[in-house]
Amino acid sequence: MNAWIERQRGLVDTTVANLGRRRGRNLGLFLAYTLLVFLLASVVLYGDGLRREARLLLADAPELVVQRLTAGRHDLMPAAWLEEIRGLRGVSAVTGRLWGYHFDAAIGANLTLQVPLAEAPASGKTRIGAALARARGLAAGDVLSLRDHAGNPFALSVEALLDSRSELVSADLLLLNEADFRAFFGIEPGRYTDATLAVANPKEVRKVAEKVLARLPAARVISREEMRRSYEAVFNWRQGLLLTFLSVLLAAFALLAWDKASGLSAEERREIGILKAVGWDSGDVLTMKLWEGVLLSATAFLAGYGLAWLHVFYWGAPLFEPVLKGWSVLYPRFTVAPDVDSAQIATLFFLTVLPYVAATLVPVWRAATLDPDEVIRE
Amino acid sequence: MIELVAVSKVYNAGRPNQYSAVRGVDLAIEHGRVTALRGPSGSGKTTLLSLIGGLTRPSSGRVRLDGRDISALSERFLTELRRATFGFVFQQFQLIRGLSALENVMLPAVPTGRPHARVRARALELLEYLGLAAHAATRAQWLSGGEAQRVAIARALINDPRVIIADEPTSHLDSALSRQILAILGELRGQGRTLILSSHDPLVFESGLVEHLVEVRDGRLEAAGP
């Protein structure tokens with residue numbers, strides 16, 4: 001056992017000396033490798049992080065949302081619809097919601113105005129999202145002045161800012177009470193933007209949706225599962241788009257690695273011959289080259305993955321933010337929660353490290369199995 | 001005793017560039033003596049040394065070491081035998097560029113699994129013995145011809161082999177350096193090691209070092225000396 005350890009130590013020492021004597025080449029390879037892992041890991045970590053956040057958010061979303069359609073467009077819903085739905089078997093609760101959009105010319109952005117289902121602000125008061133507060137330069141106690149549906153000034157006193165941890169969904173949000181909301185948009189009492197449904201038995205969600213549609217043919221019913229799938233599809237599409245671009249980089253790196261790693265120079269072949277002549281067998285040469293490949297690619301992998309982790313979880317992924325998060329004037333300033341997924345690390349590792357090590361070993365194996373005499377004579 | 005029985009070596013067999021480097025050689029080399037192969041360039045001296053030292057296998061015939069047929073051994077056993085029995089000094093030094101003199105000397109000991117500290121101490125001892133202590137950290141490419149040849153000798157000795165095989169040990173050296181190298185080889189002979197050389201340098205044969213002379217031409221032995 002000691003001899004085995006000493007042998008490995010000797011091989012690693014020689015490998016390190018080898019890496020050092022081709023410093024320029026190996027440093028170039030290490031940097032290219034690290035950059036590739038960094039980009040790939042950033043996209044994967046950020047995409048997965050966003051999906052995870054979206055799943056967490058949707059966990060609290062209503063099981064079903066019912067909207068009214070008129071001529072195929074979303075329209076306000078009469079209060080009578082809420083009663084119709086409430087009468088359906090399997091529905092445990094129905095709540096009418098009030099929300100809408102308002103273009104704020106002062107900052108050139110769309111705001112989302114909403115009446116919270118609980119703890120609504122007092123009359124003339126509002127609670128606003130962090131991005132809106134930043135854009136408008138507002139703090140608690142300041143007055144936010146908007147123009148209502150008729151173009152008249154509409155002032156709201158900022159009661160508080162919304163928790164920045166929920167910035168993904170609350171960046172452009174403005175919460176106000178029902179009376180202020182109706183006055184601002186000119187919506188008469190008894191009409192709602194849409195309705196949320198709670199279903200007593202989760203297995204009956206689809207059945208309840210069918211019943212709603214049967215009772216109210218002009219309705220559109222959206223389930224939580226459909227929303228989750230939509231989010232997933234959007235993130236997958238965006239992540240796929242980025243990965244497609246990155247695949248070009250991956251291909252370029254593969255070519256570089258193949259050229260650098262597999263193309264044994266005459267000098268390298270001669271060195272293999274010398275090693276064999278002085279008493280190394282093919283296994284020793286292969287083990288040394290394996291150490292060389294593993295040391296280079298594993299350190300580059302760790303460096304690339306570590307940088308990607310910092311990039312995504314601490315610096316907010318500035319490189320991919322616009323593509324993966326979406327385009328907006330009021331950008332949510334948010335970082336996804338740090339997470340380590342062993343399956344994801346293993347996938348990235350096998351995609352980047354194994355091909356490189358294999359590309360290194362094949363030509364070495366071919367040279368190492370020749371007679372040393374033959375290699376030196378070349 | 002090292003014996004070659006009807007040994008032939010053909011390179012690139014079956015290809016248009018096929019050639020026979022060694023043809024039907026019978027040779028016996030006793031331990032503890034200095035044997036020299038003499039002949040012009042391309043006569044097959046280097047190939048014979050490769051066959052004797054197990055660097056290559058004969059196309060036909062047998063190579064025996066102390067009665068044991070080594071030409072039929074698997075690569076692993078042949079390498080182990082080569083590592084333990086033979087030390088090689090190659091014609092063009094064959095040091096690895098970029099590695100220091102010390103690292104080059106230690107290379108043959110790496111697969112043995114001997115403790116690193118002991119191998120390093122032995123390598124430094126050999127470099128000192130050969131007057132190279134000050135050059136231990138010098139990269140191989142920065143050594144002079146004489147220094148490189150002495151590093152190659154130190155490397156050949158690191159595993160303490162019984163047999164030293166030296167291919168044209170003086171071919172790239174001036175007369176003074178050649179005499180120095182021959183003196184070192186004489187000392188190795190004095191330690192009871194077997195030396196097998198190839199050369200066409202008159203200095204080698206005038207030095208009185210050679211005890212058994214073998215003339216080689218066109219891959220065949222012409223005559224064997226005492």
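All residue numbers refer to position in the chain's written sequence, counted from 1. Working convention: letters from A go to chains and numbers from 1 go to ligands, in the order in which they are written. Per-residue local features are limited, in this predicted model, to residues with pLDDT of at least 70; the limit for side-chain atom pairs, both in listing and counting, is 80 or more; totals at the level of whole chains, interfaces and linings are taken over all residues. In computing side-chain values, all of the structure's heavy atoms are included and hydrogens and water are not.

Observations regarding the interface of chain B and chain A
How we decide: The contact criterion used throughout is that any non-hydrogen atoms of two residues lie within 4.5 Å. When two parts are put together, the accessible area they lose, computed with a 1.4 Å probe and summed over both, is reported as buried area. Think of a salt bridge as a Lys or Arg side-chain nitrogen and an Asp or Glu carboxyl oxygen that are within 4 Å of each other.
Taken together, the 32 residues of chain B in the interface contact 28 residues of chain A. Here chain B and chain A share an interface that buries about 2,500 Å² over both sides, 56% of which is from carbon and sulfur atoms. If you look at where chain B meets chain A, you find two salt bridges. Measuring nitrogen to oxygen at the nearest pair gives 3.5 Å for the salt bridge that ties arginine 83 of chain B to aspartate 284 of chain A.

With respect to the packing of helix α2 (residues 23–59) of chain A against helix α12 (residues 342–368) of chain A
Residues and elements named next belong to chain A. What counts is decided by this rule: Interaxial angle, 0 to 180 degrees, is taken between N-to-C directions of lines fitted to C-alpha atoms, where a helix line uses only the stretch in contact. Secondary structure elements follow DSSP: runs of H or I of four or more residues count as helices, runs of E of two or more count as strands, with numbering from the N terminus. Orientation labels follow simple angle bins: below 35 degrees gives roughly parallel, above 145 gives roughly antiparallel, 65 to 115 gives roughly perpendicular, and whatever is left gives oblique. Here a crossing is called left-handed whenever its near helix is offset anticlockwise from the far helix by less than a right angle, and right-handed whenever the offset is clockwise.
Running from amino to carboxyl end, α2 crosses α12 at an angle of 155 degrees, the nearest separation of the two axes being 11 Å. What the angle tells us is that α2 and α12 run roughly antiparallel. Crossing handedness for the pair α2 and α12: right-handed. Together, Leu29, Tyr33, Leu36, Val37, Leu40, Ala41, Val44, Leu45 and Asp48 of α2 and Gln344, Leu348, Thr352, Val353 and Tyr356 of α12 make up the contact between the two elements.

Concerning the sheet that holds strand β2 (residues 19–29) of chain B
Residues and elements named next belong to chain B. Convention followed: Two strands make a pair as long as DSSP finds a minimum of two bridges between them.
Spatial ordering of the open sheet is given by β2-β1-β4-β5, a layout of four strands whose pairing is antiparallel. Only two strands of the sheet have a single neighbouring strand rather than two, namely β2 and β5 (68–69). In the sheet, strand β1 (residues 2–11) pairs with β2 via seven bridges, with the strands oriented antiparallel. Pairing of glutamate 3 across the sheet is with alanine 28, part of β2. Across the sheet, helix α1 (residues 45–52) lies against β1, β2 and β4 (60–65), angled at about 125 degrees from β1, the strand it touches most.

Digging into the pattern of salt bridges
Operational definition: Burial here depends on accessible area, computed with a 1.4 Å probe over protein chains only, as a share of the maximum for the residue type. Under 20% is buried, over 50% is exposed, and the range in between is partly exposed.
Within the structure shown, the criterion is met by 28 salt bridges over all chains. Note that aspartate 104 of chain A and arginine 136 of chain A form a salt bridge whose closest N and O atoms lie 2.9 Å from each other. Residue aspartate 104 of chain A is located in strand β5 (residues 99–104), and its partner arginine 136 of chain A is located in helix α4 (residues 130–136); the two are separated by 32 residues in the primary sequence. In this structure, the salt-bridge partner of glutamate 103 of chain B is arginine 139 of chain B, at a minimum N-O distance of 3.9 Å. With glutamate 103 of chain B in helix α3 (residues 101–106) and arginine 139 of chain B in the loop between α4 (116–129) and α5 (145–157), this pair connects stretches of sequence that are 36 residues apart. Note on glutamate 103 of chain B: relative accessible area 29%, which makes it partly exposed. Counted as one network, the salt bridges with shared partners bring together Arg7 and Asp284 of chain A together with Arg83 of chain B.

A closer look at the nonpolar core
Threshold: Take the buried Ala, Val, Leu, Ile, Met, Phe, Trp, Tyr and Cys residues and link them wherever side-chain atoms come within 4.5 Å; each set so joined is a nonpolar core.
If you look at the biggest cluster of nonpolar residues, it comprises 45 residues, and the most contacted ones within it are Trp280 of chain A together with Ile2, Leu4, Ile165 and Ile196 of chain B. Setting aside residues up to four positions removed in sequence, isoleucine 2 of chain B forms contacts with Leu27, Ala28, Ile29, His31, Ile52, Arg64, Leu65, Phe86, Val163 and Ile196 of chain B. Core analysis: the second largest hydrophobic core is formed by 40 residues, Leu98, Leu174, Val199 and Ala209 of chain A among them.

Points about the packing of aromatic side chains
All names here are of chain B. To be explicit about the condition: When two rings of Phe, Tyr or Trp (its six-membered ring) have centres within 6.5 Å they constitute a pair, described as stacked for plane angles under 30 degrees, edge-to-face for angles over 60, and tilted for the intermediate range. A positively charged side chain is recorded as over a ring if its NZ (Lys) or CZ (Arg) lies within 6 Å of the ring centre. The angle to the ring normal must also be within 35 degrees.
Across all of its chains, the model carries 12 aromatic pairs over all chains by this definition. Between the aromatic rings of phenylalanine 86 and phenylalanine 88, the centroid separation amounts to 6.2 Å while the plane-to-plane angle is 40 degrees, which identifies the pairing as tilted. Note on phenylalanine 86: relative accessible area 4%, which makes it buried. The exposure class assigned to phenylalanine 88 is buried, which follows from its relative accessible area of 6%. Of note, arginine 38 hangs over the ring of phenylalanine 205, and the distance from its end group to the ring centre comes to 4.6 Å. The positively charged end of arginine 76 is found above the aromatic ring belonging to phenylalanine 77, 5.8 Å away from the centroid.

Regarding the environment of alanine 139 of chain A
Within the element layout of this structure, alanine 139 of chain A appears in the loop between α4 and β8 (143–147). We classify alanine 139 of chain A as partly exposed; its relative accessible area is 37%.

A word on the environment of leucine 88 of chain A
Residue and element names in this part refer to chain A. Turning to its location among the elements, leucine 88 is positioned in the loop between α3 (79–86) and β4 (91–97). Taking relative accessible area as the criterion, leucine 88 reaches 8% and is therefore assigned buried. Distance in space between the C-alpha atoms of leucine 88 and arginine 215 is 8.8 Å, their sequence separation being 127 residues. Not counting the four nearest positions on each side in its chain, leucine 88 is found in contact with Lys211, Val212 and Arg215.

A few points about the sheet that holds strand β9 (residues 153–161) of chain A
Residue and element names in this part refer to chain A. What the six strands build is an open sheet, ordered β5-β6-β10-β7-β9-β8; its pairing is mixed. Two strands lie at the open edges of the sheet, namely β5 and β8, each paired on one side alone. Ignoring which end each strand starts from, the neighbouring axes of this sheet average 35 degrees apart. Each of β5, β6 (109–114), β7 (125–128), β8 and β9 touches helix α6 (residues 178–185); the most contacted strand, β5, lies at about 55 degrees to it.

Structural notes on the side chain of histidine 311 of chain A
Residues and elements named next belong to chain A. Mapping histidine 311 onto the fold places it in helix α10 (residues 282–313). Looking at histidine 311, the relative accessible area reads 3%, which means it is buried. Beyond its immediate chain neighbours, meaning those up to four positions away, histidine 311 contacts Phe38, Ser42, Gly316, Ala317, Pro318, Leu319 and Phe320.

Some points on the packing of helix α1 (residues 2–21) of chain A against α10 of chain A
Residues and elements named next belong to chain A. For clarity, the threshold we go by: Any residue outside Ala, Val, Leu, Ile, Met, Phe, Trp, Tyr, Cys, Pro, Asp, Glu, Lys and Arg is labelled polar, Gly included; the first ten of those are nonpolar and the last four are charged.
Interaxial distance between α1 and α10 falls to 9 Å at its minimum, and their mutual angle equals 60 degrees. Looking at the two axes, α1 sits oblique to α10. When you trace α1 past α10, the crossing you get is right-handed. Contacts from Arg7, Gln8, Leu11, Val12, Thr14, Thr15, Val16, Asn18 and Leu19 of α1 reach α10 at Asp284, Thr287, Met288, Trp291, Glu292 and Leu295. Looking at the contact of α1 with α10 residue by residue, the classes come out as seven nonpolar, five polar and three charged.

A short note on a nonpolar patch on the surface
Operational definition: Each patch is built from residues that are more than 30% exposed by relative accessible area and take part in no salt bridge. Like charges join if they lie within 9 Å; nonpolar side chains (Val, Leu, Ile, Met, Phe, Trp, Tyr) join within 5 Å. Surface exposure here means Shrake-Rupley accessible area, sampled with a 1.4 Å probe, where a residue is shielded only by the protein chains that are shown.
A cluster of nonpolar side chains, contributed by Leu307, Leu310, Tyr314 and Trp315 of chain A, occupies part of the molecular surface with about 430 Å² of accessible area. Looking at the secondary structure, you find leucine 310 of chain A in helix α10.

With respect to α1 of chain B
Residue and element names in this part refer to chain B. Within α1, seven of the eight residues are buried, which leaves it mostly tucked inside the rest of the structure. All buried positions along α1 are accounted for by Lys45, Thr47, Leu48, Leu49, Ser50, Leu51 and Ile52. Looking one or two residues beyond α1, the residue adopting positive phi is glycine 54, at roughly 75 degrees.

Here's the deal with the confidence of the model for chain A
Note the following rule: On a range of 0 to 100, pLDDT expresses the predictor's confidence in each residue.
Here chain A averages 83 in pLDDT, and 91% of its residues register 70 or above. Mean pLDDT across the elements of chain A ranges from a minimum in helix α11 (residues 321–325) of chain A, with 66, to a maximum in α6 of chain A, with 95.

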